[in-house]
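Here is what each chain is made of, one letter per residue.
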Amino acid sequence: DFDPDRDAARIETAIKTKGVDEQTIIDVLTKRSYSQRREIAFAYEKRAKKDMITALKAALSGSLETVILGLMKSTSQYDASEIRGSIKVNDEETLIEILCSRSNDELVEIKKVYSDLFKKDLAKDVAGDTSGNFAKLLLALVDTKRDEPSAIVDYEKIDTDARALYDAGVKIKGTDVNTWISIMSQRSVPHLRKVFDKYKSYSPYDMQESIVKEVKGDLQKSFLVLVQCFENKQLYFAKKLNEAMKGKGAKEKIVTRIIVSRCEVDLKKICSEYKGTFGQSLQQTITEHTKGDYQKAMLSLCGPDQ
């Protein structure tokens, strides 16, 4: 029963209310898809003769403003904006999280949107912000030359890749990082899962342990995110959310980024991985570590506790 005109009227009234009716804004915008939010914005502009995003920006502040404005972007626009922001302030963690966890198709779209939004080339910006093997890995991912998943399992290629990963790392003194980069940035995800399985028959350590032993710093972090996402992307995000809400309060920037960027992709699956891994729901953890309108918006995006 989606009605963009009715939603636009509710938002207009909520913004005009003395003190702003945040609850209505949360109720409407967190319960709609991106394409529906675009329709609401269009209806709002016709009604109010002004831009809804500008009006929301003026009406809201703090964490809630960040969430609501994030929801007014498509998933790829949001990712592109987060990458741009992280490059401006040398925030390597965000750069690694996004570039190493997105699929080939998502990265193709992000590159296009990045260029449209900022009139800049993503690869050039990444190259300008990073260096050495870390830059090489991120640029190989941005290059989006990953194989399409194939229904045909090539056991010979699985074995060759597994052996090559072992020969380039644990087997020798030092690490032939280029071999690792080319295999991990070019093979399809289903193929790589089988490669990491096979790898254990050559190496005394699994792939993640090998990465920790072989490389350091941002390069290590990037390889670990890649491997964790190849193995189980939703579990990676569940762990990251748990980490961001350990101790007092929450690292809101991380919580917001994951929930807003995944809410139309795989947030339901992330919620179920979270519960299975940590024994309590993501919604419970959010309730314990956040407050106010921000908490309401996050819980509404996560949906009911299953």
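Our subject is the structure listed above.
Worth saying up front: this structure is predicted, and the values here are computed from it rather than measured.

## Remarks on the overall build of the protein chain
On a plain count of helices and strands, the protein chain comes out with 19 helices and 0 strands. Projecting the C-alpha coordinates of the protein chain onto the three principal axes gives extents of approximately 70 × 45 × 40 Å. For the protein chain, the proportion of its 306 residues judged to be buried stands at 50%. Long-range pairs, those at least 24 residues apart, make up 69% of the contacts in the protein chain with a sequence separation of at least 6. With the model as given, the accessible surface of the protein chain reaches about 14,800 Å², and the carbon-plus-sulfur share is 50%. On the protein chain, the mean spot of the 51 positive side-chain charges and the mean spot of the 48 negative ones are 2 Å from each other.

## Digging into the packing of aromatic side chains
The description of two aromatic rings rests on the distance between their centres and on the angle between their planes. Enumeration according to the criterion identifies 5 aromatic pairs in this entry. Centre to centre, the rings of tryptophan 180 and phenylalanine 223 are 5.5 Å apart; their planes meet at 85°, and the pair counts as edge-to-face. Of this pair, tryptophan 180 sits in helix H12 (residues 177–186) while phenylalanine 223 sits in helix H15 (residues 217–244); the two residues are 43 residues apart in sequence, bridging distant segments of the chain. Pair check on accessibility: tryptophan 180 and phenylalanine 223 agree, each one buried. Aromatic pair tyrosine 274 and phenylalanine 278: ring centres 4.9 Å apart, planes at 50°, arrangement tilted. In this pair, tyrosine 274 and phenylalanine 278 both sit in helix H17 (residues 267–278), 4 residues apart, roughly one turn of the helix. Judged by relative accessible area, which is 0%, tyrosine 274 ranks as buried. Residue phenylalanine 278 is classed as partly exposed on the basis of its relative accessible area of 31%.

Scoring rules and cut-offs
Residues numbered from 1 in each chain as written. Predicted model: local features only at pLDDT ≥ 70, side-chain atom pairs only at ≥ 80, totals over all residues. Heavy atoms only, no water. Helix = DSSP H or I, 4+ residues; strand = E, 2+ residues; numbered from the N terminus. Buried < 20%, exposed > 50% of the residue type's maximum accessible area, 1.4 Å probe, protein only. Contact = heavy atoms within 4.5 Å. Areas by Shrake-Rupley, 256 points an atom, 1.4 Å probe, with all protein chains shown as cover. Lys, Arg positive; Asp, Glu negative; His and termini not counted. Charge placed at Lys NZ, Arg CZ, Asp CG, Glu CD. Phe/Tyr/Trp six-rings, centres within 6.5 Å; stacked < 30°, edge-to-face > 60°.

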